[in-house]
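Take a look at the letters that make up each chain.
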Amino acid sequence: VQKWGIIDMVIDNVSIKEVPRDCSDLIVNGNFEAGPRPLWIGSKLSGAPGYGGGYGMRSSDRPNTNGPRYLAGTYMDFSCYMEAPKFMLSARIRLHARGTDNPGSCSVSATNNQNGDACPQLQITETDFLGESYVTRVRSYPDTDSWDENAFNVFEFEFTPKLSGMETADMILWWVGFSKDVDIVIDNMSMVPVR
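From a predicted model like this one, the values you see are computed outputs, not experimental measurements. (Residues numbered from 1 in each chain as written. Predicted model: local features only at pLDDT ≥ 70, side-chain atom pairs only at ≥ 80, totals over all residues. Heavy atoms only, no water.)

Could you give an account of the environment of serine 146, with specific residues and numbers?
Mapped onto the elements of the fold, serine 146 is located in the loop between β9 (133-138) and β10 (153-159). Sequence separation of serine 146 and serine 109 is 37 residues, and the distance between their C-alpha atoms is 7.8 Å. When residues no more than four places from it in sequence are discounted, the contact partners of serine 146 are Val108 and Asn153. (Helix = DSSP H or I, 4+ residues; strand = E, 2+ residues; numbered from the N terminus. Contact = heavy atoms within 4.5 Å.)

Written as structure tokens, this is what we have:
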């Protein structure tokens, strides 16, 4: 009910639950079925049709070449680093022309975004307890020589953490370095141990 600009509302059945942490996949809700927030931050994040049905996450109206960020330090259990020395980071990525559902494209072979045509890269920032940061940036689409505008493309990278779980205070996974003239849709993002 709204009266004189004041809204009355009733909220019922509110519960607070612990975010599940699981060493079999360090990315919580990587299929985005529960929506992108609060695990991800960035410009205009919303649900979008995902890979193979269900939901993915779309980031649109970006003011620059940076996309959404996963707040791994808040939701990731770094003790999982003890279980394996390496992790496979993977995701399904699709691009749309900015603000539309028309296909978007990029150049898989571009090594930087100087021409505004590079495919999204993942920036992994690990920070230790002294505030020292270690950055890994990777553009890795092993299944293709050219971007498929009409489908989700496979991103895969075998990641070896620079810090141990005991040394890691924070981590951010950030999609960066691609044209601001496209929207990115991400689905099935995972970080699984390689044993």
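Resuming the write-up.
So what's going on with the packing of aromatic side chains? Residues and values would help.
Counted by the stated rule, this structure contains eight aromatic pairs. Aromatic pair phenylalanine 32 and tryptophan 40: ring centres 5.8 Å apart, planes at 50°, arrangement tilted. Using a relative accessible area of 1% as the deciding quantity, one classes phenylalanine 32 as buried. On the accessibility criterion, tryptophan 40 (1% relative accessible area) is buried. Taken together, the ring pairs in this structure connect Tyr141, Trp147, Phe155 and Trp175 into an aromatic cluster. Cation over ring: arginine 69 sits above tryptophan 174, and NZ or CZ is 4.7 Å from the ring centre. Looking at arginine 92, its charged tip hangs above the ring of tyrosine 51, at a distance of 4.0 Å from the centre. (Phe/Tyr/Trp six-rings, centres within 6.5 Å; stacked < 30°, edge-to-face > 60°. Buried < 20%, exposed > 50% of the residue type's maximum accessible area, 1.4 Å probe, protein only. Lys NZ or Arg CZ within 6 Å of the ring centre and 35° of its normal.)

How would you explain the pairing of strand β8 (residues 121-128) if you had to name every residue and give the values?
Of all the eight residues making up β8, eight are buried; the element is thus mostly covered by neighbouring parts of the structure. Here β8 shows two buried faces, one formed by Gln121, Gln123, Thr125 and Thr127 and the other by Leu122, Ile124, Glu126 and Asp128. As paired elements, β8 and strand β11 (residues 168-176) share eight bridges and run antiparallel to each other. Its bridge partner lying in β11, glutamate 126 is registered against methionine 171. In terms of strand pairing, β8 meets β9 through six bridges, oriented antiparallel. Bridge pairing in β9 places threonine 125 opposite valine 135. What sits between β8 and β9 in their antiparallel hairpin is a turn of four residues, with glycine 131 showing a positive phi close to 90°. (Pairing = 2+ DSSP bridges.)

Could you give me a rundown of the side chain of aspartate 183, with the residues and numbers involved?
Mapped onto the fold, aspartate 183 is located in strand β12 (residues 182-194). At 2.9 Å, the side chain of aspartate 183 forms a polar contact with the side chain of arginine 58. In this view, aspartate 183 contacts Arg58, Ser59, Ser60, Asp61, Arg94, Leu95, His96, Ala97, Arg98, Gly99 and Thr100; residues no more than four positions away in its chain are not counted. (Polar contact = N/O pair within 3.5 Å; in protein donor to acceptor, adjacent residues only side chain to side chain.)

Explain the pattern of salt bridges to me, using residue names and the numbers behind them.
As a working rule, side chains carrying opposite charge can pair if their charged atoms are close by. Applying the stated criterion to the full structure yields four salt bridges. Among the salt bridges present, the one from arginine 58 reaches aspartate 183, with a minimum N-O distance of 2.9 Å. Residue arginine 58 is found in strand β5 (residues 55-59), and its partner aspartate 183 is found in strand β12; the two are separated by 125 residues along the sequence. An identical accessibility class is assigned to arginine 58 and aspartate 183; each is buried. Taken together, the shared-partner salt bridges connect Arg58, Asp101 and Asp183 into one network. (Salt bridge = Lys/Arg side-chain N within 4 Å of Asp/Glu carboxyl O.)

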